[in-house]
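Listed below, chain by chain, are the residues.
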Amino acid sequence: MASFAPNLAPAGEIITVPVASAGVTLTAGAANTYGAYAQLDDGTLVTADMRLVSVALRTPSAAQVGKVQIVYDEAGTPVPICEVDFEIATDAGGYLNIPVPTGMIIPSGETIGARVKTVAGGTTITASVGIQPTA
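Throughout what follows, the structure given in this document is the object of discussion. (Residues numbered from 1 in each chain as written. Predicted model: local features only at pLDDT ≥ 70, side-chain atom pairs only at ≥ 80, totals over all residues. Heavy atoms only, no water.)

## Concerning the sheet that holds strand S5 (residues 64–72)
Right, so step 1: Taken in spatial order, the 4 strands make up an open sheet running S3-S9-S5-S6, and their pairing is antiparallel. Of all the strands in the sheet, just strand S3 (38–41) and strand S6 (79–88) have a single pairing partner and so form its edges. On average, each strand axis in the sheet is inclined to that of its neighbour by 30°, with strand direction left out of account.
Right, so step 2: The pairing of S3 with strand S9 (residues 112–118) spans 3 bridges and is classified as antiparallel. Paired with Gln39 across the two strands is Gly113, which belongs to S9. (Pairing = 2+ DSSP bridges. Helix = DSSP H or I, 4+ residues; strand = E, 2+ residues; numbered from the N terminus. Axes fitted to C-alpha atoms, helices over the stretch in contact; angles between N-to-C directions.)

## Observations regarding the nonpolar core
Right, so step 1: The biggest cluster of nonpolar side chains holds 29 residues, and the ones touching the most others in it are Val55, Leu57, Ile70, Ile112, Val129 and Ile131.
Right, so step 2: Among the secondary structure elements, those contributing two or more residues to this core are strand S2 (24–27), S3, strand S4 (50–58), S5, S6, S9 and strand S10 (124–133).
Right, so step 3: It is S6 that contributes the most residues to this core, 5 residues altogether.
Right, so step 4: Residues in contact with Leu57, not counting those within four places in the same chain, are Val68, Phe86, Ile88, Gly94, Tyr95, Leu96, Ile98, Ile125, Thr126 and Ala127. (Core = buried A, V, L, I, M, F, W, Y, C linked by side-chain atoms within 4.5 Å. Buried < 20%, exposed > 50% of the residue type's maximum accessible area, 1.4 Å probe, protein only. Contact = heavy atoms within 4.5 Å.)

## Here we look at the environment of Ile70
Right, so step 1: Within the fold, Ile70 resides in strand S5.
Right, so step 2: Classification of Ile70 by relative accessible area gives buried; the value is 0%.
Right, so step 3: Considered as a pair, Ile70 and Tyr37 are 33 residues apart in the sequence and their alpha carbons are 9.1 Å apart.
Right, so step 4: Apart from residues no more than four positions distant in its own chain, Ile70 is found in contact with Leu52, Val55, Val79, Pro80, Ile81, Cys82, Ile112, Gly113, Ala114 and Val129.

## Observations concerning the pattern of salt bridges
Right, so step 1: In total, this model carries 1 salt bridge according to the counting rule given.
Right, so step 2: Across the pair Lys67 and Asp85 runs a salt bridge, and its minimum N-O distance is 2.6 Å. Residue Lys67 is located in strand S5, and its partner Asp85 is located in strand S6; the two are separated by 18 residues in the primary sequence.
Right, so step 3: Overall, the relative accessible area of 25% leaves Lys67 in the partly exposed class. (Salt bridge = Lys/Arg side-chain N within 4 Å of Asp/Glu carboxyl O.)

## As for unusual backbone geometry
Right, so step 1: Residues Val17 and Pro18 are joined by a peptide bond in cis, for which omega reads 5°.
Right, so step 2: Of note in this structure, Thr59 is not a glycine but carries a positive phi near 45°.
Right, so step 3: Within the element layout of this structure, Thr59 appears in the loop between S4 and S5.
Right, so step 4: Of the residues examined, Thr59 reaches a relative accessible area of 45% and is grouped as partly exposed.
Right, so step 5: For Asp73, which is not glycine, the phi torsion reads 60° and is therefore positive.
Right, so step 6: Considering the arrangement of structural elements, one finds Asp73 in the loop between S5 and S6.

Honestly, it's all geometry; don't read function into it.
Below you can see the structure in the form of structure tokens.
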């Protein structure tokens, strides 16, 4: 029987981006359509190759079901590194932290961006990500 063996991340500090604890607001497009990319970090905190370890979502504008996509180089040609499903049943202080045990690598100096789509469309949610040095 196969067993789950997550990528082992080094014991380096997990950094939450953006720096502002409130995160960055993402706005969904029409129903089931991604909205525009929003920048989570301009590359300032990606001082070495980093592994994506988590995605945090909070303060939704309504109860929501959807997907959030994390990319690097959102200003140029976005490279998707993670897409996760989510459901938040309330807009009253809803919070969701999604671990990404086998997260992809964000190359040193790259920007980090995100976008969201929801079943209802047109809703907003605030996002941040946890990243950790690979070495």
